[in-house]
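Reading the structure
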Amino acid sequence: MNVPIARTSLLESEIQSVMEPLRSGWLVQGPKVREFEEKWSNFTGAKHSIAVTSCTTGLHLSLAALGVQPGNEVIVPAFTWISTANVVEHLGANVVFCDIDLDTFNIDINKLASLVTSKTKAILPVHLFGMAADVAPINAFAQAHKLWVVEDAACGFGSRYHGQHVGTLGHAGAFSFHPRKAITTGEGGMITTQDDDLAAKLRRLRDHGAAMSDLQRHLGARPYLLADHPEAGYNQRMTDLQAALGSAQMDRATSIVQERKRLANRYDEAFEKLSWLRTPVHLNGFEHGYQSYPCMFQPKSIAQIDIARINEKRNSWMDQLQQAGISTRPATHAVHMLTFYQEKYKLKPEDFPNAYRANDCSISLPLFHGMTVAEQDYVIERVVESAI
Ligand SMILES: *Cc1c(COP(=O)(O)O)cnc(C)c1O
């Protein structure tokens, strides 16, 4: 049997939904985008949802709208997808990495105080793999130091923090609709914010800085009226084909989240007795959305000098699973160990020891809605029977 790490699972009606904008002829930034945004706001409780081309462009746009510029510093967790850091570089600002808490894979709030300087402008907490970052102390810290908080909620669909959906907790948040994420539009992203002025600015910036939306202009009476462009914006508009696909999936948003949770809980129970595998933690007030199922491979406690050896063992275990047809991946990468950041900021792996451990010793197991019982049973059986 072959079990992929993730598999896109669309209903026939969702596939068909793409035909509607094709037939109507309204292909971009039209009624389907508006509809998808409304459903997203309803599901997350966000006051404003602004569809864009990806989570990465959404993060970039949010930082740009908040005025991040050359000379500024932005605090970013060292263990995350590289684009969380890249968007800071794109604006000419500098990344300041923060180590993570290994229990949650999220930013270690106890490290923030040692990283803040007079140049710090924002914190970019990530809700990694669907586990919310501990936002309340981050917000309190940000308020005390007059910093913006932009949430990387790429994996945050269905993730709640004390009942509140992620993406609604900071000044802005950005979600991803890449096929590895629970809701997919191929490529695509959604910015959420509770702030009216910021939302208006984000809507302008995604559409070349236009003061009037395409929809308003199209429906307006005066054909000679062109929009003014008070700022030099970007083109980060979502197509209506993508929005139709996203909007159709939102009709079963709750059941998608429930199914992913059910699969994760089955893994939790099956692996409870494996001393060498640490499965995702359960914390009061944190509702995991399970974008993926990230574990730590720890046949013994991971002292720094043992990381290389444990990494070798993990890799040979991943090879074993691959030979059995089961795809696994390291949960993600430690960005400070990637060439660009390592060279620009002269960083060593051990500068962020927990990100280093997670980089070398983590493993994500297959988890996706649409996974069959037979597929999951097969993964469970092979993992439990592994010779470690
Ligand atoms: C997937 C992901 C991104 C990038 O999302 P795109 O929509 O592909 O740009 C950013 N951050 C994290 C944590 C992610 O998992």
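The rules we used
Residues numbered from 1 in each chain as written. Predicted model: local features only at pLDDT ≥ 70, side-chain atom pairs only at ≥ 80, totals over all residues. Heavy atoms only, no water. Core = buried A, V, L, I, M, F, W, Y, C linked by side-chain atoms within 4.5 Å. Buried < 20%, exposed > 50% of the residue type's maximum accessible area, 1.4 Å probe, protein only. Helix = DSSP H or I, 4+ residues; strand = E, 2+ residues; numbered from the N terminus. Domains from an automatic or database assignment. Contact = heavy atoms within 4.5 Å. Pairing = 2+ DSSP bridges. Polar contact = N/O pair within 3.5 Å; in protein donor to acceptor, adjacent residues only side chain to side chain. Salt bridge = Lys/Arg side-chain N within 4 Å of Asp/Glu carboxyl O. Disulfide = S-S within 2.5 Å. Buried area = accessible area lost by both parts, 1.4 Å probe. Near = heavy atom within 4 Å. Areas by Shrake-Rupley, 256 points an atom, 1.4 Å probe, with all protein chains shown as cover. 1 Å grid on protein atoms, 1.4 Å probe; cavity = no way out; pocket = protein on both sides within 12 Å on 5 of 7 lines; lining within 4 Å. Sits in = over half its atoms within 2 Å of the grid points. Nonpolar A, V, L, I, M, F, W, Y, C, P; charged D, E, K, R; others polar.

1. Quick notes on the nonpolar core
Within the largest apolar cluster, 79 residues are counted, with the highest numbers of intra-cluster contacts made by Phe79 and Val383. Ranked by the residues each element gives to this core, the list is headed by helix 4 (residues 55-65), at 6 residues. Split by domain, the residues of this core number at least three in each of domain 1 (12-250) and domain 2 (253-384). Sequence-distant contacts of Phe79, that is, excluding residues within four places in its chain, are made with Ile100, Phe105, Leu128, Phe129, Ala331, Thr332, His333, Ala334, Ala355, Ala358, Asn359 and Ser362. One finds Val33, Ala51, Ala153 and Tyr161 within the second-largest nonpolar core, a separate group that totals 25 residues.

2. Let's talk about the sheet that holds strand 8 (residues 160-161)
With antiparallel pairing, 3 strands are arranged side by side in an open sheet as 9-8-13. Bordering the open sheet on either side are strand 9 (164-165) and strand 13 (286-287), each of which pairs with just one other strand. With 2 bridges connecting them, strand 8 and strand 13 associate as antiparallel partners. Looking across to strand 13, one finds that Arg160 is bridged to Glu287.

3. Quick look at the environment of Asp306
Structurally, Asp306 is set in the loop between strand 14 (293-297) and helix 11 (307-323). Distance in space between the C-alpha atoms of Asp306 and Asp197 is 51 Å, their sequence separation being 109 residues. Look past the residues within four positions of Asp306 in its chain and what remains in contact with it is Lys300 and Ser301. Only 3.2 Å separates the side chain of Asp306 from the side chain of Lys300, close enough to count as a polar contact.

4. Description of the pattern of salt bridges
On inspection of all chains with the given rule, the structure shows 16 salt bridges. Note that Glu20 and Lys32 form a salt bridge whose closest N and O atoms lie 3.6 Å from each other. In this pair, Glu20 sits in helix 2 (residues 19-24) while Lys32 sits in helix 3 (residues 31-44), placing the two residues 12 residues apart along the sequence. Its relative accessible area of 49% is what places Glu20 among the partly exposed residues. Its salt-bridge partner being Lys261, residue Glu287 comes within 2.7 Å of it at the nearest N-O pair.

5. With respect to the pairing of strand 1 (residues 48-52)
Taking burial as the measure, the 5 residues of strand 1 include 5 buried ones, the bulk of the element. The side-chain alternation of strand 1 yields two buried faces, one formed by His48, Ile50 and Val52 and the other by Ser49 and Ala51. Inspection of the sheet shows strand 1 paired to strand 11 (residues 189-193) by 5 bridges, in the antiparallel sense. Note on strand 11: the bridge partner recorded for Val52 is Gly189.

6. Some points on the state of the cysteines
Scanning the entire structure with this criterion turns up 0 disulfides. Cys55 supplies the cysteine sulfur nearest to Cys155, a cysteine that is in no disulfide, at a spacing of 8.0 Å. Sulfur of Cys295: no disulfide; nearest cysteine sulfur belongs to Cys361 and is 13 Å away.

7. Considerations on the domain arrangement of the chain
It is common to give the size of an interface as the accessible area that goes away when the parts come together. Under the domain assignment, the chain is made up of domain 1 (12-250) and domain 2 (253-384). Relative to domain 2, the C-alpha centre of domain 1 lies at a distance of 26 Å. With 40 residues of domain 1 at the interface, the matching set in domain 2 holds 42 residues. Each partner contributes to the roughly 3400 Å² buried at the junction of domain 1 and domain 2, and carbon and sulfur atoms together form 63% of this total. The interface formed by domain 1 and domain 2 holds 1 salt bridge in total. Ionic pairing is found between Lys344 and Glu89, a salt bridge with its closest N-O pair at 2.7 Å.

8. Describing the site of the ligand
Within the structure, the ligand sits among 16 residues, and Cys55, Thr56, Asp152, Ser176 and Lys181 are positioned closest to it. A distance of 2.9 Å is found between an oxygen atom of the ligand and a backbone nitrogen or oxygen belonging to Cys55. The contact in question runs from a nitrogen atom of the ligand to an N or O atom on the side chain of Asp152, over 2.8 Å. The protein chains hide 89% of the 380 Å² of surface that the ligand would expose on its own. Counting atoms within 2 Å of the grid points, the majority share of the ligand lands in the largest pocket. Put simply, the parts of the chain that give the shell around the ligand at least two residues each are helix 4 and helix 5 (83-90). For the shell around the ligand, a count of residues per class yields 6 nonpolar, 8 polar and 2 charged.

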